[in-house]
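# Per-entry structural report
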Amino acid sequence: MSKFKEIPIFAKQKVNFTPNFALTHLCVANNRLVLAMQNKVLLKIDLANADHPEEIDLKSQAIDAKLSNIFLDPTGQHLILTFRPRDSQHPAQVMYSGPKTSKPKEILKLSGHIITAVAWNPSTEHSNVNSTQPFLLGTSKGLLFEADIVNCELKVSKQLYDIGKGNAAVISGLEYFFIPKTSKCFMLVATARKLYQFKGFVNNKDDRPWFSTIFNTYLSQSGLEEVLEFGDLASSHMSDKAVSDKALSRLNILYDVGTGYPKTIGYLVDGNSFMFNNVRFQSK
């Protein structure tokens, strides 16, 4: 028996909160929590002032579609909601709610798309709480878009890439980061059985968009993307061709404190987990 006392990895404590309806979605960032309930009500809670949650009733805004997922940026200020199509006459919807107003606003440029992954800029050090750095959106059809939020308006650039190249491939994980003190950018895209890596340079971060030049290189020269494939899943229910808004794998990055650089990359797929520790990327 070890003479050293083992320190728990996790700690838990009871929270004095009993929702009136079942919870369907939850996300948290920067001490801010967003809960979605079965009655189509969202609760936005500042954990420093948890007794005064902000309530958003989606029914009162004529939103009848079923909520598919919610995504909260690292500052906890900007929320993206994605809805499944009700029927053939009502396509999938994407909506945005920011710090200026609780009322979600539909993003018409993303009509018909189900957002399944978002790669926010990992840095929370932004001078303007009403804006973000550019970020990436992944869809259930395997499409990649670039977007950013300026003065609480979500702006979407043109489609960057089709990861399935014509075949639907649900993007279930999405991350990007820069080599510290350089303009070299790496992007990781996860599907049910593949992990893609894209890389390039963002020479002027004041210009928009950031990523189109990088992906134009891949569009003009096929086969440049680096791909890791995990397992023989082509004949299983986890085929990348399956069209679903359900995430079939998980991609997460543990960033080194203070640098915004990956320390560990985790990729979970069909009960198997793959960890990449002490990550090193070349800056050239």
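Residues numbered from 1 in each chain as written. Predicted model: local features only at pLDDT ≥ 70, side-chain atom pairs only at ≥ 80, totals over all residues. Heavy atoms only, no water.

A general trend in soluble globular proteins is that nonpolar side chains are found buried together. Counting residues in hydrophobic clusters, the biggest one holds 23 residues, and the most contacted among them are Tyr 176, Met 187, Phe 198 and Phe 211. Secondary structure elements with two or more residues in this core: strand 9 (115–119), strand 12 (153–162), strand 13 (173–178), strand 14 (184–190), strand 15 (194–201) and helix 1 (212–220). Contacts of Met 187, omitting those with residues within four sequence positions, involve Leu 136, Glu 175, Tyr 176, Tyr 196, Gln 197, Phe 198, Lys 199, Phe 211, Ile 214 and Phe 215. (Core = buried A, V, L, I, M, F, W, Y, C linked by side-chain atoms within 4.5 Å. Buried < 20%, exposed > 50% of the residue type's maximum accessible area, 1.4 Å probe, protein only. Helix = DSSP H or I, 4+ residues; strand = E, 2+ residues; numbered from the N terminus. Contact = heavy atoms within 4.5 Å.)

Read from one edge of the open sheet, four strands run 13-14-15-16, paired in antiparallel fashion. On the outer flanks of this sheet lie strand 13 and strand 16 (226–229), each paired with one strand and no other. On average, adjacent strands in this sheet sit at an angle of 15° to one another, irrespective of strand direction. The pairing of strand 14 with strand 15 spans seven bridges and is antiparallel. Counted as the bridge partner of Leu 188 is Gln 197 from strand 15. (Pairing = 2+ DSSP bridges. Axes fitted to C-alpha atoms, helices over the stretch in contact; angles between N-to-C directions.)

The next subject is the packing of aromatic side chains. Under the defined criterion, the tally for this structure stands at twelve aromatic pairs. Arranged with centres 5.6 Å apart and planes meeting at 85°, the rings of Phe 178 and Trp 210 form a pair that is edge-to-face. Residue Phe 178 is located in strand 13, and its partner Trp 210 is located in the loop between strand 15 and helix 1; the two are separated by 32 residues in the primary sequence. For the pair shown, Phe 178 and Trp 210 are each scored as buried. Ring plane angle 80° and centroid distance 4.9 Å describe the contact between Phe 198 and Tyr 218, whose orientation is recorded as edge-to-face. Highlighted residues: Phe 198 in strand 15 and Tyr 218 in helix 1, separated in sequence by 20 residues. (Phe/Tyr/Trp six-rings, centres within 6.5 Å; stacked < 30°, edge-to-face > 60°.)

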